[in-house]
Amino acid sequence: MTAEDLFAYLPAHRLEHHRNALALVPENNDPDPGTAVFLMDPKTGYHTLSCSCKAPTGNKRKSRCPHIKQLSEGLRKVPDSGSRSWLDTLFRKTPWYETAAALHQVCPVSSQSLKISPEKVSDTGEIRVWGPDAELLASFSPDPEDSEKAALEKQLLLERTNLWPQKDNPFHRGRVMDMLARLTLTETERLMALQEVISRRQALEQSFWFRLLYHFRNVSADAGPGLVTELEQETGRYIIACTDRSRALRIVVPRKGVMRVQKQIQGIFPGTGQVVRPESLESIVKVSADENNYLRLTLYLLLHLPDGATEAIERSRLKKYWYGDAVYIPDKNVLATWKATDKFGPVFGRQYTKRIKPERVPELIDKMGDIFSPPNIIDPSAKRLRLHRKWEHMEITAEAVDRDWCWLAVSYGFGESVTVRLADIYEARRAGKKYLPVDDGWVEIRDLDLGPVVKLPGSPVSAQLGDGRKTLQLSRMDLLRIQAASGGNLRVRPQGDAPSKSLSAILDMQPATPVTRPSGMATGLRGYQENGLQWLGFLAENRMGGLLCDEMGLGKTHQVMALMAWLAENRQNPVPCLVVCPTTVISHWERKIREHAPGLQASVYYGAGREMADLSVPGMVMITSYGILLRDAAVLQGIGFAAAAFDEAHLIKNPDTKSHAAAHAIRADLKIAVTGTPVENRLTDLKALLDLVLPGYLGTDQEFARRYENAGRHRRKELQRLIRPFTLRRTKDAVLHELPEKIEDIRYCRLTDTQVRLYRDAVAGRGKKLQQQLARGDADIPYIHIFALLSLLKQICNHPASVDRRSVPKSFKTDQEVMDSGKWELFVELLDACLANGQKVVVFSQFLPMIRMIASHLQSIGVESAGITGQTRDRGQQIDRFNNDPDCRVFVGSLRAGGSGIDLTGGSVVIHYDRWWNAAKEDQATDRVHRIGQNRGVQVFKLVTEGTLEEKISAIIDRKKNLMADVIAEDDPGLLKTFSRDELMDLISLPD
Ligand SMILES: [Zn+2]
């Protein structure tokens, strides 16, 4: 059964249906009017018929009541009249019902709260229905061509929607429908009724919308579904209209419900073709300004389109297209919703523009964020205005600069013309302000990153400005720290006056007057060494310290000596300098000073019977070891030094050690840590060494760790900038053009006690007889025996463990433990330094046991090496490996086998472990490395034991260089013939 079928047999305008009930209302002229009701039990399908007329009751009633008769006949003619495809079920499948449900959901109104106009039903004009807030909800114009039909329909509508009072009319359609509703309550609803509550279904069924659309569905049943939506361009109303023009129903969807109704009825019936764009609106303003910085803000909407483009629309233009959380954009035919909260709308209230006084702008920014940046629209009149959140440079003005302190006014520059004083920022912050007005806008001061002035570890600044002083009192070190961290964005203002000049000099790290070349230096300085001296001079003048980290071979010792000589010449009272170094390089320092710095007095404070020299002698440089520094800490800390240099300073990099603490406790105007090992990539080492020479510069360990350890690239850069002023490292590659192709350096060492005993034993034993023979002027000289003894002594100097056991007296302990060697220690240190610098090293010795010792040492420390001796078969392979394999770091060769005819240009350092008799042979070996094709300077070390025959041979070689080069081809006893008896006797004498 369908509604249409039923309407064919029963007059539609007399039928009401509700759920599983049906009512037939009597005609107006019925003499015994009654409403016949058909009710079906939805569970059992059992149905009843009843009527309200006066016809007698009983079995015959059915035939006697014309109403029941008419109703049951109509039902009988329609097939399936008892089925559950009830009229109500069919209604629920229509767009009419869907629309009613959607409207009820967004705007649930009951008829009691509504008003109609005009109030007279007899009027054939348009009827309007007004909601509780006097808003138009619907309008209806009956067919003007059929006034009778129009009047009937109008009455039906008003009764069904209960907009017309029921009074005592028993056939009022609203009353009939209410009755059907009561008859069809579910059991649950009956129980709920006792609690005076109703189900959601009931609420919908009682609603104005439901009754309204029920009515139109029933009267339009033969006119198709007939609903469309449209948007009234003039009023912005969103309308659901009936397509049947004769009825002209127009439902005005309440604005706040448009979006939801739209969503729900989409696809049910044809709409206006609007595109719905959820989350595509953004609230922005257009900012313009007058010359006094009064702002005019105008509300705009920014519509984000799917292709990424945006379109700004003035909000006032859209006033009538506002539907709660959605806005209709007529040009685009788009219904859009917000992307984020409407941040400007609520602030503007009902207005669309606002005029803001300059002093109120910060408040506005607080509420709305930075209005001077996109996507807000900035009018050309407001282009110059901005909210500054980051300074571009720092400016410092020197108020005064004295020996210890600089008094500065610090300002921050924003753009080219605006500066704000640090003092003003602090003052404003104290006053609780967040923004400071400036010529071109406002500076956000509360969250402004003041940069290095307050951010760096150990910064002293915030406390100092706290009591309202306008200038900052900074040490020079702090000043440099701030400059370094500002990354080149520090300017000195104004230029030219005296305090500014001294300020600039400090920032450029230039001494107030350039350091002149000290007359106490016998040797000149290379260009980069001259720069190093100026840098050291600046540090000394300002009582700071630094790390001198030049690559090995660039003359760090030389630069330190030059500084000490300069200090000696420029001090009124003689103040000593201090050099602390490993034992193995004490003699190196002593000799260097003696040879190159006659203006200085080297005094070694070392050994069992050490005595303090007279420190009041001008130019005094005390040289001592780290061991003595620790042992005699109390004595040394009592002396005030002009400068203290800590050589091979990486040895005291561990801040937890006593050596570090002892070095820290030394009192010196200037401390220099000297090391050839690069430290800049090892944070904790770097921190420890800088703490030694510049206490406090990098803050506490905790501050430092928090800021820089595991830090990102940005922080790393900051740290690099911070340390750069106090770290000087030049590599050979960088200063290559200033370097000779070959730098030769003789490194001296001392015999250990074991070596002294062995040496004395050999000289006193075998040497005694030879001495006597030499002393007798006429006797033959036993060259072979002398040569053998000299070889033994050389091996003792090299390392006692390399000496043939047969040559070691039985009384002597041959335990490896006591077989120590001064030269070996020096060698190991040199080698470590070279490897740490990434150099490849070639080592020559003329003694096979020594070569084996070196090779086995390399193996034990995990360093790959190649090598050639007289027994080597795969010479070519060994050489290739050294030259081409980056992991093969060391080449160890005998001078005889590896000294000629091969190419070792992979190396850049040559160490002659022991000296050859023949300088030309040595040079030839060195030239294996230093050849054409070698593009970096070659560093050559020759190791010599002080006070032994090695030192004497070294002197003879230098003296007879040319003669020996000509005469001697081989290293054999014959070469001794060029030596006088006296020279030979001297060679086999006891050590000094
Ligand atoms: Zn009846």
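Residues numbered from 1 in each chain as written. Predicted model: local features only at pLDDT ≥ 70, side-chain atom pairs only at ≥ 80, totals over all residues. Heavy atoms only, no water.

Within an unreviewed UniProt entry, the label attached to the protein reads Superfamily II DNA or RNA helicase, and the organism entered is Desulfosalsimonas propionicica.

Here we come to the overall build of the protein. A count of helical and extended segments in the protein gives 37 helices and 39 strands. For 992 residues, the compact-globule estimate of 2.2 N^0.38 gives 30 Å, and the C-alpha radius of gyration of the protein, at 53 Å, exceeds that figure by more than 25%. A principal-axis box enclosing the C-alpha atoms of the protein has dimensions of 180 × 70 × 50 Å. Per-residue burial for the protein yields a buried fraction of 52% across its 992 residues. Summarising the internal contacts of the protein: among those between residues at least 6 apart in sequence, 67% fall at separations of at least 24. As presented, the protein carries roughly 45,700 Å² of accessible surface, and 48% of it is formed by carbon and sulfur atoms. Of note, the protein has its 134 positive side-chain charges centred 4 Å away from the centre of its 124 negative side-chain charges. (Helix = DSSP H or I, 4+ residues; strand = E, 2+ residues; numbered from the N terminus. Rg over C-alpha atoms; globule rule 2.2 N^0.38 Å. Buried < 20%, exposed > 50% of the residue type's maximum accessible area, 1.4 Å probe, protein only. Contact = heavy atoms within 4.5 Å. Areas by Shrake-Rupley, 256 points an atom, 1.4 Å probe, with all protein chains shown as cover. Lys, Arg positive; Asp, Glu negative; His and termini not counted. Charge placed at Lys NZ, Arg CZ, Asp CG, Glu CD.)

Attention shifts here to unusual backbone geometry. For the peptide bond that leads from P374 to P375, omega is 5°, which places it in the cis range. Considering the arrangement of structural elements, one finds P375 in the loop between α13 (361–368) and β18 (377–378). Despite not being glycine, M509 has its phi angle at roughly 55°, a positive value. In this fold, M509 is placed in the loop between α18 (498–507) and α19 (527–541).

Before going further, it helps to spend a moment on the side chain of Q534. Looking at the element boundaries, Q534 is found in helix α19. Taking relative accessible area as the criterion, Q534 reaches 13% and is therefore assigned buried. Not counting residues within four places of it along the chain, the set of residues in contact with Q534 comprises P511, P514 and V515.

Turning next to the sheet that holds strand β4 (residues 47–51). Spatially, β1-β2-β3-β4 is the arrangement adopted by the 4 strands of the open sheet, whose pairing is antiparallel. Each having just a single partner strand, β1 (15–18) and β4 make up the two edges of the open sheet. On average, adjacent strands in this sheet sit at an angle of 15° to one another, irrespective of strand direction. The pairing of strand β3 (residues 36–40) with β4 spans 5 bridges and is antiparallel. Within the sheet, the bridge partner assigned to V37 lies in β4 and is S50. (Pairing = 2+ DSSP bridges. Axes fitted to C-alpha atoms, helices over the stretch in contact; angles between N-to-C directions.)

Every protein donor of the zinc ion is accounted for by C51 (SG), C53 (SG), C65 (SG) and H67 (ND1), and the metal-donor separations fall at 2.1 to 2.2 Å. For the zinc ion, the 4 donor atoms in the first shell make angles of 105 to 112° at the metal, a pattern classed as tetrahedral. When the donors of the zinc ion are listed by position in the chain, the intervening gaps give C-x1-C-x11-C-x1-H. With C53 in the loop between β4 and α2 (61–64) and C65 in the loop between α2 and α3 (66–77), this pair connects stretches of sequence that are 12 residues apart. Residue classification places C53 among the buried residues on the basis of a relative accessible area of 8%. (Donors = N, O, S within 2.8 Å, 3.2 Å for Na, K, Ca; no water. Tetrahedral: all angles 85-135°; square planar, octahedral: opposite > 155°, others 65-115°.)

To continue, consider the pairing of strand β15 (residues 326–329). Along β15, one buried face is formed by A326 and Y328 and the opposite face, lined by V327 and I329, is buried too. Bridging between strand β14 (residues 322–323) and β15 involves 2 bridges; their strand directions are antiparallel. The residue of β15 that forms the bridge with Y323 is A326. Hairpin remark: β14 followed by β15, antiparallel, with 2 residues in the connecting loop; positive phi at G324, about 60°. Looking at chain direction, β15 and strand β16 (residues 334–338) are connected through 4 bridges and run antiparallel. Each bridged residue has a counterpart across the sheet, and for A326 the counterpart in β16 is T337. The antiparallel pairing of β15 with β16 creates a hairpin that spans 4 residues between the two strands, and N333 there sits at a positive phi of about 55°.

Residues D753, D820, E825, E829 and D832 make up a contiguous surface patch of negative charge. Ranked by residues supplied to the negative patch, first place goes to helix α30 (residues 822–836) with 3 residues. The residue E825 is located in helix α30 in this model. By relative accessible area, which is 39% here, E825 ends up partly exposed. (Patch = residues over 30% accessible without salt bridge, like charges linked within 9 Å, V, L, I, M, F, W, Y side chains within 5 Å. Salt bridge = Lys/Arg side-chain N within 4 Å of Asp/Glu carboxyl O.)

Helix packing geometry: the angle between the two helix axes and the distance between the axes. One way to put it is that α30 packs onto helix α31 (residues 848–860) with a least axis distance of 13 Å and a crossing angle of 45°. The pairing of α30 with α31 is recorded here as oblique in orientation. Here α30 runs over α31; the crossing is right-handed. For the pair α30 and α31, contact is made by W824, F827, V828 and L831 and by M850, M853, I854, H857 and L858, respectively. For the contact of α30 with α31, the per-class residue count stands at 8 nonpolar, 1 polar and no charged. (Parallel < 35°, antiparallel > 145°, perpendicular 65-115°, else oblique. Left-handed = near helix turned anticlockwise from the far one by under 90°. Nonpolar A, V, L, I, M, F, W, Y, C, P; charged D, E, K, R; others polar.)

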